[in-house]
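Examination of the molecular architecture
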Amino acid sequence: MSYLYVTENNAKIGVAENYAYAECKDGMTVKIPFETLESINVFGNAQISTQCIQKCLVKGIPISYYSRGGSYFGRLHSTGHVKVERQRIQAALLHSELALALSKKIIISKIHNQIIVLKRYARSKCVDLSDECRAVKEMQNHIETCKTIPQIMGYEGNAARIYFKCLGMLVEPAFSFEKRSRRPPKDAFNSMLSLGYSILMNEIYGKIENRGLHPYFGFLHEDRENHPTLASDLMEEWRAVIVDSLVMSLVNGHEIKSEHFMKSTDDSGVYLTKEGMSIFIQKIEKKLRQDMKYLEYIDYAVPFRRAMELQINSFIQAIEKQDESYYHPIWIR
């Protein structure tokens, strides 16, 4: 299966026979058969033809739009997968005991995965983070006894502050940072995290939609305008596993450098250059295609993209059977 990423400003995206193509201003053209095309992802101000949009709608191929810096705007998609009865069950989940139980599972898993990522990189950098990991673990231990979702998110927030401070201690000096910053990202490391989370959210969003769920009916995060809350909920356990570890690998493996970033004169945010964006997208696409064996309910390896689909299937089972035991968050080792 193929995923088309268009990062060139003023590129033209269209249809030629049974192919989608992207043509850059220097004349370079990429062509992908519609039979293998899974999605089109547009960064910046590319132009897409009406014929291509119609073809994608007919074939159920989503078109996602991002700013030049990677902020997610939204997506164009067909309504062919809507399942009203499933969405009614989903909407009734809010403020339920099942929502509380699922939230505990997801955030406990998220914090576990953060601890593992810290331990891996602390070993490789010969840095002692045992006190910090114990503090994060203490936040995790509190979650099981929480009576409300705001309590869960309070402990999650405390764990995240320690976690990101530790990540900043484990990267090369040119990429060091003290805390998570967004809208806009204030440094190169946060810029890559924000872009990675945007791409991850779009992946989850599409898989939610394909299974007939409503991306905006969540249960863990608070509702806010124009935000796909369910996608935010279900991506929590994947953040450290896919995005954080990928950014650490790019930085500490010297695959990306400080010259691959620029400071915006509009909002003082730090963003990837065209070359940096290309490096990042190739890396995350390779990661999403990579096989993994972290799901406890299957005994064979699947790509990360397929694993996310399986997780959404198990979420559907949990809400339709009203039993949180059907949901098993990813738990890395």
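Residues numbered from 1 in each chain as written. Predicted model: local features only at pLDDT ≥ 70, side-chain atom pairs only at ≥ 80, totals over all residues. Heavy atoms only, no water.

Quick look at unusual backbone geometry
To keep it simple, the criterion reads: Under the DSSP-based scheme used, a helix requires at least four consecutive residues in state H or I and a strand at least two consecutive residues in state E, with every element numbered from the N terminus.
In the segment running from R183 into P184, the intervening peptide bond is cis, with an omega of 0°. Mapped onto the elements of the fold, P184 is located in the loop between α5 (149-170) and α6 (188-210). Unlike most non-glycine residues, C126 shows phi in positive territory, near 55°. Its identity as a non-glycine residue notwithstanding, Q322 has a phi of 55°, on the positive side. Along the chain, Q322 falls in the segment after α10 (304-321).

A look at the nonpolar core
How we decide: Only buried residues count toward a nonpolar core, which is a set of Ala, Val, Leu, Ile, Met, Phe, Trp, Tyr and Cys residues joined through side-chain atoms within 4.5 Å. Whether a residue is buried, partly exposed or exposed follows from its accessible area with a 1.4 Å probe, protein chains only, as a fraction of its type maximum: under 20%, in between, or over 50%, in that order. Whether two residues touch is decided by their heavy atoms; if any such pair falls within 4.5 Å, the residues are in contact.
In terms of nonpolar packing, the biggest core is built from 93 residues, with F189, M192, W238, F280 and F315 touching the most fellow members. The element that contributes the greatest number of residues to this core is helix α3 (residues 97-125), accounting for 14 residues. Residue contacts for W238: discarding those within four places in its chain leaves L200, I204, V243, M292, F304, A307, M308, Q311 and I330. Grouped together as the second largest cluster of nonpolar side chains are 17 residues, A22, V42, A46 and C56 included.

Digging into the pattern of salt bridges
The following threshold applies: Any carboxyl oxygen of Asp or Glu within 4 Å of a side-chain nitrogen of Lys or Arg constitutes a salt bridge here.
Summed over all chains, the structure comprises 15 salt bridges. K274 serves as the salt-bridge partner of E8, at 2.6 Å between the closest nitrogen and oxygen. Here E8 is found in the loop between β1 (2-6) and β2 (12-16), whereas its partner K274 is found in helix α9 (residues 274-289), with 266 residues between them in sequence. We note a salt bridge from K110 to E236, for which the minimum N-O separation is 2.6 Å. In this pair, K110 is assigned in helix α3 and E236 in the loop between α7 (229-235) and α8 (239-252), connecting sequence segments 126 residues apart.

Side note on the packing of helix α2 (residues 84-91) against α10
Rules: Between N-to-C directions, angles span 0 to 180 degrees; the directions come from axes that are lines fitted to C-alpha atoms, helices contributing only their stretch in contact. Working definition: roughly parallel below 35 degrees, roughly antiparallel above 145 degrees, roughly perpendicular at 65 to 115 degrees, and oblique for all remaining angles. For this classification, Asp, Glu, Lys and Arg are treated as charged, while Ala, Val, Leu, Ile, Met, Phe, Trp, Tyr, Cys and Pro are nonpolar and the rest, including Gly, are polar.
For the pair α2 and α10, the least separation of the axes is 10 Å and the interaxial angle reads 75°. Classed by the angle they form, the pair α2 and α10 counts as roughly perpendicular. In this structure, α2 uses R86, I89 and Q90 to contact α10, whose residues at the interface are I316, I319 and E320. Taken together, the residues that form the contact of α2 with α10 break down as three nonpolar, one polar and two charged.

Some details on the packing of aromatic side chains
This is how it is decided: Classification of ring pairs uses Phe, Tyr and Trp, with its six-membered ring standing for Trp, and accepts pairs whose centres are within 6.5 Å; under 30 degrees between planes counts as stacked, over 60 as edge-to-face, and the remaining range as tilted. In this analysis the charged atom, NZ for Lys or CZ for Arg, is taken to sit over a ring once it is within 6 Å of the ring centre and within 35 degrees of the ring normal.
Taken as a whole and judged by the stated rule, the model has 10 aromatic pairs. An angle of 5° between the planes, with centres 4.3 Å apart, marks the rings of F43 and Y66 as stacked. Of this pair, F43 sits in strand β5 (residues 37-43) while Y66 sits in strand β7 (residues 63-66), and the two are 23 residues apart along the sequence. We note that F43, like Y66, is buried. Three or more aromatic residues link up through ring pairs in this structure, and these residues are F43, Y66, Y72, Y205 and Y216. One Lys or Arg, K31, reaches over the ring of Y19 and ends 4.8 Å from the middle of that ring.

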